[in-house]
Structure formats: C-alpha cells, structure tokens
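# Structural overview for review
Chain residues, written in single-letter form:
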Amino acid sequence: MFPNVEQYLNSSKALMQSQASAFQTLAGSALESAEKVATLNLAAMKASAQDFGNVLTQASTARDPQAFFALVTSQFQPNNEKAASYARYLGEIFTETQQIFAKTAEAQVAEVSRAATAIVDQFASAAPAGSSDAMALVKSMMGTANAVYEQVNKVAKQTGEAMQAQAASLSGQFVKPVQAAANQTVSAVADTAAA
C-alpha cells in the first residue's frame, strides 16, 4: 500500500532534526537571556551598594539635619535615572529574546507545515483508489490549521508590540512622579534651610 516507506522515514527524521535544532536555539536563547539578566542584576546590586556606602560616608559628615536631608534628596534624581536605565535594558533583553523565540517558532511551524504537506502528498500519491475525498479533507484541514496559525501569530506579534509600548510607557510614568517628589523634597529642604 505504501511503497515509499523510506521516504516517510527520511521525512520524519528530517523533521525531528529540525525540531531538535529549534529546541537548541530556544534553550540557548533562554539561557543567554537569563545570563544577561543575572549580570544586569549583579551590576545593579554592586552599584547600589557602592552608592549606599558613599551616601553613608557623606551623611556622617553632615553638620546639621538640613545638610543631611539635602544630601539624601540629592540622591533621588541619579537613582531615578538608574532605575529607568535598568528598566530599559531589561526591556531590551526581553524584547530580543521574544524576537528570537518568534522567529524560531515561525521557522519551525513553516518547516512542520512543509513536511506535513509533503508527507500527505506522498500518502495521497500512494493511496488506494477511492480515498481521494479523505485526502482532500486532510489537505483542507491542514490549510485551515495553517490559516489559524497565521492569525494567532499575527495576534501574538501585536500583543508583543503592545506590551513593549506599555513597558516603555510605564517606565516613563515611574520616573516622572519620583522626580516630582524629589523636586518637592529639595524645595522643602531649601525652604527650611532658608528659614
């Protein structure tokens, strides 16, 4: 009934190798992203510890409460900028990883679709008489599945873009109120010092 069993086995083997390669790409990308996030976090903790030590050293030399508060409030702006920079870099890491995952998934789905179509075509050419309706149904189902995948992929891309825009917006929304509070505190300390 199926004279080309070797063709089917070769197609299946190529498909498995493609899936293994995609898995290696995804796993490598995930580990690389985890490494970047860990490096970023370690650098941020190291910088925070150094900054805290510097502030403590300077605070110990403050001669009055107003000088102490002025020193503390002067740290708001640099810390806001560091937090915004951290958030941007973290967003870049996640965006890069998401793009790699999306490209790999697209390529893998295209490969699986191509391989499945080839296998169905091989089966159709070797199918017994009278099974053409069943093969047409299978091909139609595959076409529908591909259309659904493309729609889901389109929605996933739009969702990813919306999430990136939202993350950028939130980063800006975080920095502005903290800067305003820092400016108010600096003004209050200056007013208190002047009085």
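As the structure is a computational prediction, the values presented were derived from the model and not from experiment. (Residues numbered from 1 in each chain as written. Predicted model: local features only at pLDDT ≥ 70, side-chain atom pairs only at ≥ 80, totals over all residues. Heavy atoms only, no water.)

### Considerations on the overall build of the protein
- Of regular secondary structure, the protein possesses 4 helices and 0 strands.
- Along the protein, helices and strands appear, N-terminal first, in the series α-α-α-α.
- Within the span of the protein, comprising 195 residues, buried residues form 18% of the whole.
- Considering only contacts in the protein between residues 6 or more positions apart, those separated by 24 or more positions represent 84%. (Helix = DSSP H or I, 4+ residues; strand = E, 2+ residues; numbered from the N terminus. Buried < 20%, exposed > 50% of the residue type's maximum accessible area, 1.4 Å probe, protein only. Contact = heavy atoms within 4.5 Å.)

### Concerning the side chain of Ser-18
- Examined against the element boundaries, Ser-18 turns out to sit in helix α1 (residues 5-60).
- Accessibility expressed as a relative area gives 18% for Ser-18, which makes it buried.
- Ignoring any residue separated from it by four or fewer positions in sequence, one finds Ser-18 in contact with Gln-108 and Glu-111.

### Thoughts on the side chain of Ser-33
- Locating Ser-33 in the fold gives a position in helix α1.
- Among the residues examined, Ser-33 registers a relative accessible area of 10% and is labelled buried.
- Sequence-distant contacts of Ser-33, that is, excluding residues within four places in its chain, are made with Ile-93 and Thr-97.

### Let's talk about a nonpolar patch on the surface
- Taken together, the side chains of Phe-68, Phe-69 and Val-72 define a hydrophobic patch exposed on the protein surface, amounting to about 250 Å² of accessible area.
- Secondary-structure assignment places Phe-69 in helix α2 (residues 65-74).
- By relative accessible area, Phe-69 is classed as partly exposed at 45%. (Patch = residues over 30% accessible without salt bridge, like charges linked within 9 Å, V, L, I, M, F, W, Y side chains within 5 Å. Areas by Shrake-Rupley, 256 points an atom, 1.4 Å probe, with all protein chains shown as cover. Salt bridge = Lys/Arg side-chain N within 4 Å of Asp/Glu carboxyl O.)

### Re the packing of α2 against helix α3 (residues 76-126)
- Taken N-terminus to C-terminus, the directions of α2 and α3 make an angle of 20°; their axes are 5 Å apart at the nearest point. Judged on the interaxial angle alone, α3 and α2 are roughly parallel. Between α2 and α3, the residues in contact are Val-72, Thr-73 and Ser-74 and Phe-76, Gln-77 and Pro-78, respectively.
- Considering only residue class, the contact of α2 with α3 consists of 3 nonpolar, 3 polar and no charged. (Axes fitted to C-alpha atoms, helices over the stretch in contact; angles between N-to-C directions. Parallel < 35°, antiparallel > 145°, perpendicular 65-115°, else oblique. Nonpolar A, V, L, I, M, F, W, Y, C, P; charged D, E, K, R; others polar.)

### Remarks on the pattern of salt bridges
- One pass over the structure, following the stated rule, counts 4 salt bridges.
- With its nearest N and O atoms 3.5 Å apart, the salt bridge here joins Lys-36 to Glu-32. Remark: Glu-32 and Lys-36 occur in helix α1; sequence separation between them is 4 residues, near one turn of the helix.
- Judged by relative accessible area, which is 24%, Lys-36 ranks as partly exposed.
- Using a relative accessible area of 39% as the deciding quantity, one classes Glu-32 as partly exposed.
- Note that Lys-36 is salt-bridged to Glu-96, the shortest N-O span being 2.8 Å. Taken together, the residues span a long stretch of sequence, with Lys-36 in helix α1 and Glu-96 in helix α3 at a distance of 60 residues.
- Several salt bridges converge on common partners, so that one network encompasses Glu-32, Lys-36 and Glu-96.

### Brief notes about the environment of Leu-26
- Structurally, Leu-26 is set in helix α1.
- With a relative accessible area of 25%, Leu-26 lands in the partly exposed category.
- The spatial distance from the C-alpha of Leu-26 to the C-alpha of Ala-105 is 9.0 Å, given a sequence separation of 79 residues.
- In contact with Leu-26, not counting residues within four places along its chain, are Phe-101 and Thr-104.

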